[in-house]
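Summary of the model geometry
As a plain string of letters, each chain reads:
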Amino acid sequence: MPVLELDQLVKRYGKNKVPAVDHFSYRFENGVYGLLGPNGAGKTTLLRLITGGLLPDAGTVFYNGQDIDELGAMYRADLGYMPQQQQLYDTFSVRRFLFYFAALKGLKKKEAKEKIAELLSLTGLTKKAGVLLKTLSGGMKQRVLLCAALLNDPKLLILDEPTAGLDPKERMHIKNYIYRIACEKTVLIATHVIPDIEQIAREVLFMQHGRVVLSGRPDEVIKKVQDKIFEVVISRNAYEHLSEMYPINRVSGEREDRIHVRVISDAPPTAFEAAPADVSLEDVYLYLDSLTSPSMQDGAVP
Ligand code: ADP
């Protein structure tokens, strides 16, 4: 069972800049981990430190108790990495692209042939094997990239925004594949599409300004903010008044001129008819965000 341990990782870009990753420590074991955070939180930088593509200014990445710098090729043999918005070789066919990647990863031809057939089948791309990459939809391209990351049967799989730019059905496909292959692996997924990891993550890590601000099992982190999210039912006219008083999470529908609004508040909003809300990971994310940005409300009813 792979164990990945990050010990006080620091990465600064340029001289004396605010660190993109700031004394980040965490232990990852078997299962899916969701790394959540706004743009610029440091997710991609952290993943690149983990994959060894970027060297930290301080701190160490340990894989099964050994420094990854010392493990070198042995570490890379266990690693699969799907970077964000990777350039595809548009004039390659799916099969040619995967053979090319397999060669880079040191797979023998026969081994590559078997593995590629297996992965194309797993991701529903068998019929597309001979098709040029440039003719594929965004979702199919993402699946090809996932196949490329899986060629060496990695024990540690790092995925950076694997569902970026996909429609809901394509996102669901990718999510299901990840879930199917996740057993016996450590899978770390950076995303800001929370529903993509909501049901499959063993643990979630909320990252802001290069640090973990909250982490744990989804039910544990939800429990931490359970008493801070309220559902308020108000008239459309009262919305503006409410949004001036509280950060608003979301508006969830209008019936007979009454709208359901989620607000963040340490105590139940007294001036309104309010009830504790059924909290989701998205609420946790927005709650943490509200702690750092004083005004979340946009003042507009969609
Ligand atoms: P995320 O993936 O969460 O959006 P990033 O790791 O891409 O965050 O970025 C974290 C911070 O580091 C941001 O402030 C970003 O502007 C900065 N940054 C990222 N890459 C570079 C780079 N190559 N050079 C300079 N600054 C960078």
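Residues numbered from 1 in each chain as written. Predicted model: local features only at pLDDT ≥ 70, side-chain atom pairs only at ≥ 80, totals over all residues. Heavy atoms only, no water.

Looking now at the site of the ligand. Residues in close proximity to the ligand include Tyr 13, Ala 20, Pro 38, Asn 39, Gly 40, Ala 41, Gly 42, Lys 43, Thr 44 and Thr 45, which together make up its full environment. Here an oxygen atom of the ligand sits 3.1 Å away from a polar atom, N or O, in the main chain of Ala 41. Gly 42 is positioned such that a nitrogen or oxygen atom in its backbone is 3.0 Å from an oxygen atom of the ligand. A class-by-class count of the residues in the shell around the ligand yields 4 nonpolar, 5 polar and 1 charged. (Near = heavy atom within 4 Å. Polar contact = N/O pair within 3.5 Å; in protein donor to acceptor, adjacent residues only side chain to side chain. Nonpolar A, V, L, I, M, F, W, Y, C, P; charged D, E, K, R; others polar.)

A few words now on the sheet that holds strand β1 (residues 4-11). What links the strands of a sheet is backbone hydrogen bonding, and the strands pair in either a parallel or an antiparallel sense. Ordered in space as β2-β1-β4-β5, the 4 strands form an open sheet in which the pairing is antiparallel. Every interior strand has two partners, whereas the edge strands, β2 (21-28) and β5 (66-67), have only one. Sheet topology places β1 next to β2; 5 bridges connect them, and they run antiparallel. By the bridge assignment for β2, Glu 5 is matched with Arg 27. In the packing of helix α1 (residues 43-51) onto the sheet, the strands contacted are β1, β2 and β4 (58-63), and the crossing angle to β1 comes to about 120°. (Pairing = 2+ DSSP bridges. Helix = DSSP H or I, 4+ residues; strand = E, 2+ residues; numbered from the N terminus. Contact = heavy atoms within 4.5 Å. Axes fitted to C-alpha atoms, helices over the stretch in contact; angles between N-to-C directions.)

Turning next to the packing of helix α4 (residues 94-104) against helix α6 (residues 138-150). Put simply, α4 and α6 touch, their axes get as near as 9 Å, and they point 25° apart. The orientation of α4 relative to α6 falls into the category roughly parallel. Considering how the two elements wind past one another, α4 and α6 form a crossing that is right-handed. Residues Val 94, Phe 97, Leu 98 and Phe 101 of α4 lie in contact with α6, whose contacting residues are Val 144, Leu 145, Cys 147 and Ala 148. Considered class by class, the residues forming the contact of α4 with α6 number 8 nonpolar, no polar and no charged. (Parallel < 35°, antiparallel > 145°, perpendicular 65-115°, else oblique. Left-handed = near helix turned anticlockwise from the far one by under 90°.)

The first and last C-alpha atoms of helix α5 (residues 109-122) sit 20 Å apart over 14 residues, in line with the 20 Å expected at 1.5 Å per residue. Looking only at α5, the buried set comprises Ala 112, Lys 115, Ile 116, Leu 119, Leu 120 and Leu 122. Summarising the axial view, the buried residues of α5 lie within an arc of 150°, below the 170-degree limit, and thus occupy one face. Exposed residues lying more than 90 degrees from the buried face of α5 are Lys 110 and Lys 113. Here the buried face of α5 lies against α4, α6 and α7 (168-181). The positive-phi residue at the C-terminal boundary of α5 is Gly 124, with phi of around 70°. (Expected span 1.5 Å × (residues − 1). Buried < 20%, exposed > 50% of the residue type's maximum accessible area, 1.4 Å probe, protein only. Arc of directions from axis to C-beta.)

On to the packing of aromatic side chains, then. The tally for this structure, following the rule as stated, stands at 6 aromatic pairs. Consider the rings of Tyr 26 and Phe 28, whose centres lie 5.0 Å apart with planes at 45°: the pair is tilted. Judged by its relative accessible area of 14%, Tyr 26 is buried. Between the aromatic rings of Phe 28 and Tyr 33, the centroid separation amounts to 5.0 Å while the plane-to-plane angle is 80°, which identifies the pairing as edge-to-face. With respect to class, Phe 28 is no different from Tyr 33; both count as buried. Of the aromatic side chains, those joined through ring pairs into one cluster are Phe 92, Phe 97, Tyr 100 and Phe 101. Over the face of the ring belonging to Phe 92 we find Arg 96, whose NZ or CZ atom lies 3.9 Å from the ring centre. (Phe/Tyr/Trp six-rings, centres within 6.5 Å; stacked < 30°, edge-to-face > 60°. Lys NZ or Arg CZ within 6 Å of the ring centre and 35° of its normal.)

This part covers the pattern of salt bridges. If you walk through the whole model with that rule in mind, you get 14 salt bridges. Here Glu 5 and Arg 27 are joined by a salt bridge, their closest N and O atoms 3.6 Å apart. Placement of Glu 5 in strand β1 and of Arg 27 in strand β2 is noted, with a sequence separation of 22 residues between them. Between Asp 22 and Arg 211 there is a salt bridge whose closest N-O contact spans 3.0 Å. Placement of Asp 22 in strand β2 and of Arg 211 in strand β10 (residues 211-216) is noted, with a sequence separation of 189 residues between them. Overall, the relative accessible area of 14% leaves Asp 22 in the buried class. For Arg 211, a relative accessible area of 41% corresponds to the partly exposed category. (Salt bridge = Lys/Arg side-chain N within 4 Å of Asp/Glu carboxyl O.)

For the rest of this paragraph, the subject is the packing of α4 against α5. Contact geometry for α4 and α5: axes closest at 10 Å, N-to-C directions at 130°. Between α4 and α5, the crossing angle belongs to the class labelled oblique. Between α4 and α5 lies a crossing of right-handed hand. Of α5, the residues touching α4 (which contributes Val 94, Leu 98, Phe 99 and Ala 102) are Lys 109, Ala 112, Lys 113, Ile 116 and Leu 120. Across the contact of α4 with α5, the residue classes tally to 7 nonpolar, no polar and 2 charged.

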